[in-house]
Amino acid sequence: MRDIETILVLTGAGISAESGLATFRGPDGLWEGHRVEEICTPQALARNPALVQNFYDIRRAALAKVVPNAAHHALARLDAEWPGELLIVTQNVDDLHERAGARRMLHMHGELKSALCRECGGRVRWEGTLADGPACPLCGGKGGLRPDIVFFGEMPYQMERIEEALAEADLFVSIGTSGAVYPAAGFVQTARYRGAETLELNLDPSAGSHFFHESRVGPAGLLVPEWVDEMLGRRAAAPGG
């Protein structure tokens with residue numbers, strides 16, 4: 001592997017599943033008899049706000065029952081100790097990366113512990129329920145708060161920053177992703193086109209495994225700490241490291 005200075009890491013549901021956090025979809029792709037794609041849309045929120053708010057209220061409450069695992073902690077260590085540029089882009093809406101200590105990161109699909117006001121466009125940290133239509137702490141509007149989540153059909157957050165990071169990365173690493181959800185599934189191809197080395201760490205081969213220079217299969221809780229040790233070890237052994 002060539003000299004690495006700038007790293008872009010993409011994480012998906014697989015990294016949080018090892019903490020016991022249920023993945024976004026149930027085994028049959030349904031939630032209370034509804035397809036997830038039918039629930040998580042702006043149209044569904046307008047049509048049946050109670051259903052949509054309850055879906056996310058349950059997931060927000062579930063965060064209190066889980067803790068970061070070894071993979072989250074390893075990435076937080078990389079964040080703290082990597083002297084070059086690093087950006088962790090997560091598709092997950094939980095806060096496990098932050099609780100582990102990661103700081104150089106962004107949530108491209110939003111956050112469960114954030115609420116977005118449809119009246120003023122402001123964002124506020126949010127821990128409790130949104131189902132009872134609370135007032136926005138910023139503008140006072142009542143009933144306008146929605147989960148600060150990217151619904152199906154909406155543009156992921158901070159795509160310009162992500163595109164810049166893909167263009168600058170020496171190494172792109174995908175962890176615990178399905179390789180089937182776009183635009184994230186296309187990041188590996190963009191990174192390779194721009195000349196980056198590419199590595200996948202996944203429990204099983206993903207739909208996009210063949211695009212990576214290397215694919216390692218196994219639990220994130222084992223693979224990610226091993227990879228972080230490898231990267232930091234190589235950096236320390238390099239001249240001037």
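The name that an unreviewed UniProt entry assigns to the protein is NAD-dependent protein deacylase, with the source organism given as Edaphosphingomonas fennica. In its Sequence similarities (unreviewed entry) section, the UniProt record describing the protein reads: "Belongs to the sirtuin family. Class III subfamily."

Visitor: Just checking my understanding: could you explain the UniProt feature "binding site: Zn(2+)" (unreviewed entry) in the protein for this structure?
Guide: Residues annotated in UniProt with the feature "binding site: Zn(2+)" (unreviewed entry) correspond here to C117, C120, C136 and C139. A maximum C-alpha distance of 8.7 Å among these annotated residues, which run over 23 residues, shows that they cluster at one spot. On the secondary structure map, C120 appears in the loop between strand 6 (110-117) and strand 7 (123-125). When its relative accessible area of 41% is taken as the criterion, C120 is described as partly exposed. Apart from the residues within four sequence positions on either side, C120 is in contact with C136, L138 and C139. Note on placement: C136 falls in the loop between strand 7 and strand 8 (145-149). Each residue touching C136, except ones within four places of it in the same chain, is listed here: C117, C120, G141 and L145.

Visitor: Any chance you could explain the UniProt feature "binding site: substrate" (unreviewed entry) in the protein here in plain terms?
Guide: Under the local residue numbering, the UniProt record ascribes the feature "binding site: substrate" (unreviewed entry) to Y56 and R59. Structurally, the position occupied by Y56 is in helix 4 (residues 49-62). Overall, the relative accessible area of 2% leaves Y56 in the buried class. Of note, R59 is situated in helix 4.

Visitor: It is not clear to me how the packing of aromatic side chains should be interpreted in this structure. Could you clarify?
Guide: Each aromatic ring pair is characterised by the separation of its centres together with the angle its planes make. For the structure on display, the rule yields three aromatic pairs. Seen from the ring of Y157, R123 lies directly overhead, with NZ or CZ sitting 4.8 Å from the centre. Lying across the ring of F151, R146 places its NZ or CZ 4.0 Å from the centre.

Visitor: Looking at this structure, I do not really get the environment of R125. What am I missing?
Guide: Mapped onto the elements, R125 comes out in strand 7. Taking the C-alpha atoms as reference, R125 lies 5.7 Å from K113; in sequence the two are 12 residues apart. If near-sequence neighbours (up to four positions away) are discounted, R125 is found in contact with E111, K113 and S114. In this structure the side chain of R125 is engaged in a polar contact, spanning 3.2 Å, whose partner is the side chain of E111.

Visitor: It is not clear to me how unusual backbone geometry should be interpreted in this structure. Could you clarify?
Guide: The general pattern is negative phi for most residues beyond glycine and trans for most peptide bonds. Looking along the chain, the bond that leaves Y182 and enters P183 is cis, with omega of 10°. With respect to the helices and strands, P183 occurs in the loop between strand 9 (171-175) and helix 8 (187-193).

Visitor: Would you mind showing me how to read helix 5 (residues 70-81) here?
Guide: Structural remark: α-helix, 3.6 residues per turn; residues separated by three or four positions point the same way. Over its 12 residues, helix 5 runs 16 Å from end to end, which matches the ideal 16 Å to within 8%, given 1.5 Å per residue. The set of residues buried in helix 5 consists of A71, H72, A74, L75, A76, L78 and D79.

Visitor: Even after reading the chapter, I still don't get the sheet that holds strand 9, so can you show me in this structure?
Guide: Across a sheet, paired strands are connected by hydrogen bonds in the backbone, their directions being either parallel or antiparallel. Pairing within the open sheet is parallel, and its six strands lie in the order 5-4-1-9-10-11. Among the strands making up the open sheet, the edge pair consists of strand 5 (105-107) and strand 11 (214-217). Strand-to-strand twist across the sheet, computed as the mean angle between neighbouring axes with direction ignored, equals 15°. Across five bridges, the pairing between strand 1 (residues 7-11) and strand 4 (residues 86-90) is parallel. From the neighbouring strand, L8 faces strand 4, where its bridge partner is L87. Along the sheet, helix 5 contacts strand 1, strand 4 and strand 9; its crossing angle with strand 4, the most-contacted strand, is approximately 150°.

Conventions and cut-offs
- Residues numbered from 1 in each chain as written.
- Predicted model: local features only at pLDDT ≥ 70, side-chain atom pairs only at ≥ 80, totals over all residues.
- Heavy atoms only, no water.
- UniProt positions renumbered as here; feature names shortened; annotations may be inferred.
- Helix = DSSP H or I, 4+ residues; strand = E, 2+ residues; numbered from the N terminus.
- Buried < 20%, exposed > 50% of the residue type's maximum accessible area, 1.4 Å probe, protein only.
- Contact = heavy atoms within 4.5 Å.
- Phe/Tyr/Trp six-rings, centres within 6.5 Å; stacked < 30°, edge-to-face > 60°.
- Lys NZ or Arg CZ within 6 Å of the ring centre and 35° of its normal.
- Polar contact = N/O pair within 3.5 Å; in protein donor to acceptor, adjacent residues only side chain to side chain.
- Expected span 1.5 Å × (residues − 1).
- Pairing = 2+ DSSP bridges.
- Axes fitted to C-alpha atoms, helices over the stretch in contact; angles between N-to-C directions.

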